[in-house]
Amino acid sequence: MEKNIPFEQAREIMLANCPVAGAENAPLSGSMGRILAEDVLAVTDIPPFPRSPFDGYAFRAADSAGASRQNPVTLRIIEEIPAGSTPSKAIIAGTAAKILTGAPIPDGADTVVMYELTEFTDDFVKIFSMAAPGTDIVPAGEDVQAGMVLAKKGDLIDPALAGSLASQGIAAMLVYQRPKVGIISTGSELVEADQPISGGSIRNSNRYALEAACAGIGAEPVYLGRADDNTDEIAALIGKGLESCLMVFTSGGVSVGDYDFTPAAMELAGAEVLVRGLRLKPGGACAYGVKDGRLIFGLSGNPSSAMTNFYAVALPCLRKLCGHRRFLPRMTKVTLIDSFNKKSPNTRIISGRLDISDGTVRMRASVMQGNSILRTLVGCDVMAVIPAGSPPLAAGTVLDAYLLY
Ligand code: AMP
Ligand code: MG
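For clarity, every value in this text was computed on a predicted model and none was experimentally measured.

Here is what the cut-offs are and how they apply
Residues numbered from 1 in each chain as written. Chains lettered and ligands numbered in written order. Predicted model: local features only at pLDDT ≥ 70, side-chain atom pairs only at ≥ 80, totals over all residues. Heavy atoms only, no water. Helix = DSSP H or I, 4+ residues; strand = E, 2+ residues; numbered from the N terminus. Rg over C-alpha atoms; globule rule 2.2 N^0.38 Å. Buried < 20%, exposed > 50% of the residue type's maximum accessible area, 1.4 Å probe, protein only. Areas by Shrake-Rupley, 256 points an atom, 1.4 Å probe, with all protein chains shown as cover. Lys, Arg positive; Asp, Glu negative; His and termini not counted. Charge placed at Lys NZ, Arg CZ, Asp CG, Glu CD. Pairing = 2+ DSSP bridges. Axes fitted to C-alpha atoms, helices over the stretch in contact; angles between N-to-C directions. Near = heavy atom within 4 Å. Polar contact = N/O pair within 3.5 Å; in protein donor to acceptor, adjacent residues only side chain to side chain. Nonpolar A, V, L, I, M, F, W, Y, C, P; charged D, E, K, R; others polar.

(A) Up close: the overall build of the protein. Regarding its fold elements, the protein presents 6 helices and 25 strands. Expected size for 405 residues packed as a compact globule is a radius of gyration near 22 Å; at 31 Å, the protein overshoots this value by more than 25%. Across its three principal directions, the C-alpha atoms of the protein cover 95 × 50 × 40 Å. Relative to its full complement of 405 residues, the protein shows a buried share of 46%. When the accessible area of the protein is evaluated, it comes to approximately 18900 Å², of which 52% is carbon and sulfur surface. Side-chain charges of the protein comprise 36 positive and 42 negative groups, with the mean position of each set lying 6 Å from the other.

(B) Broad picture of the sheet that holds strand 9 (residues 124–127). Pairing in this open sheet of 6 strands is mixed, and the strands run 7-4-6-5-9-8 from one edge to the other. Both edges of this open sheet fall to strand 7 (111–114) and strand 8 (119–120), since each of them pairs with a single strand only.

(C) Region of the structure containing the sheet that holds strand 17 (residues 272–278). Reading across the sheet, the 7 strands line up as 1-17-19-20-16-12-15 and stay open at both edges, with mixed pairing between neighbours. Across the chains shown, the open sheet's two edge strands, defined by having one partner strand only, are strand 1 (2–5) and strand 15 (220–227). Strand-to-strand twist of the sheet, defined as the mean angle between neighbouring strand axes without regard to direction, takes the value 20°. The pairing of strand 12 (residues 180–186) with strand 16 (residues 247–251) spans 5 bridges and is classified as parallel. Looking across to strand 16, one finds that V181 is bridged to M247.

(D) Highlighting the pairing of strand 19 (residues 286–291). The buried count for strand 19 comes to 5 of 6 residues, which makes it a mostly enclosed element. Looking at chain direction, strand 17 and strand 19 are connected through 4 bridges and run antiparallel. Paired with V273 across the two strands is G289, which belongs to strand 19. The sheet contact formed by strand 19 and strand 20 (residues 294–299) spans 6 bridges and is antiparallel. Bridge pairing in strand 20 links V290 to L295.

(E) Up close: the site of ligand 1. Close to ligand 1 lie 16 residues, the nearest being E189, N204, S205, G253 and G301. Here an oxygen atom of ligand 1 sits 2.5 Å away from a polar atom, N or O, in the side chain of E189. When ligand 1 sits alone it has 480 Å² of accessible area, and the protein chains cover 77% of it. Residues belonging to the shell around ligand 1 are distributed by class as follows: 3 nonpolar, 10 polar and 3 charged.

Here's what the structure looks like:
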């Protein structure tokens, strides 16, 4: 077991132990945001044939030799080719076809002129300038060439990929299953959001924050229930979670106080505790375990500690579990807009919002940062890392930062 290690090291340990969800066949429609579980090769050129980029006339460039405003060339129209039809005649010298946007270029033609640049009747079209062969013809395969890798296993199905798959006639494909992720709240003081509250009780907020975090990544959160501060009860819920879920989150009971039973409960449930505590503020209190290739992330009860720890270590694991090829968070440098007035004896993570309005990547850090301050995490999209041993930081300080999305 590793104790009080840097979060990057804990992340490596947990990623190395992290499972990946199984795969299933899913219809393309409705698969937006899911992750491909197979490489996809293009089977056909897109477009599949040379086509016209607009309404106009298709002809042989050689016929336009010497054409000018004063000396137009007149061509005889032999056919009209709307989109979706197949040309039935070849273009020969002195002839043209009326062609509409997206229609296949007829044999013999090597040029298209848009109709606005011509004068025409039903039977004849006048061309007023010389064209080079190939002018305004969209070649077959301009977008996608048959045989190319269209997408890789682990790619997110975004709008353009959904459209590209459809262009290939792929109406179903292998994607990763949405993994079930268990959530357990520990703490005798906790009351659910819809229950009456009294005395020293507090609302269970971590359950909902973690449910939202898991769902946001594409996992299926499963609330396993609340346990009192009692090793057996916590272990029973962990055991239940490990039966049906590939990953389980607990919150509460991971410090080193009298009522911190979660690490012992992990062991009682048969898990090996791999990490106990990070050198990090907030979010240092944690215990991570593994059992039969399934991960348990024991997070602090303090809401923002839990979320900071989640973003630093669990989020990349959750992304890996969901099948993402790029599971590590994207990094950038951010310039602090305001000063940060505390010393950081340990590595510190501060949350905030990106400001890229003037072309520089800046971060407006939340004014209140602390173990139990959840409100100021709302809307945050970046976390910056203040290195251990840093003095208070002046505005304008540049920090490494993780994008949360
Ligand atoms: P613990 O990590 O169990 O020592 O809890 C630390 C603090 O977080 C205490 O003030 C708890 O009451 C609070 N807390 C624990 N679990 C939750 C939860 N699920 N939602 C909100 N606050 C919690
Ligand atoms: Mg507690």
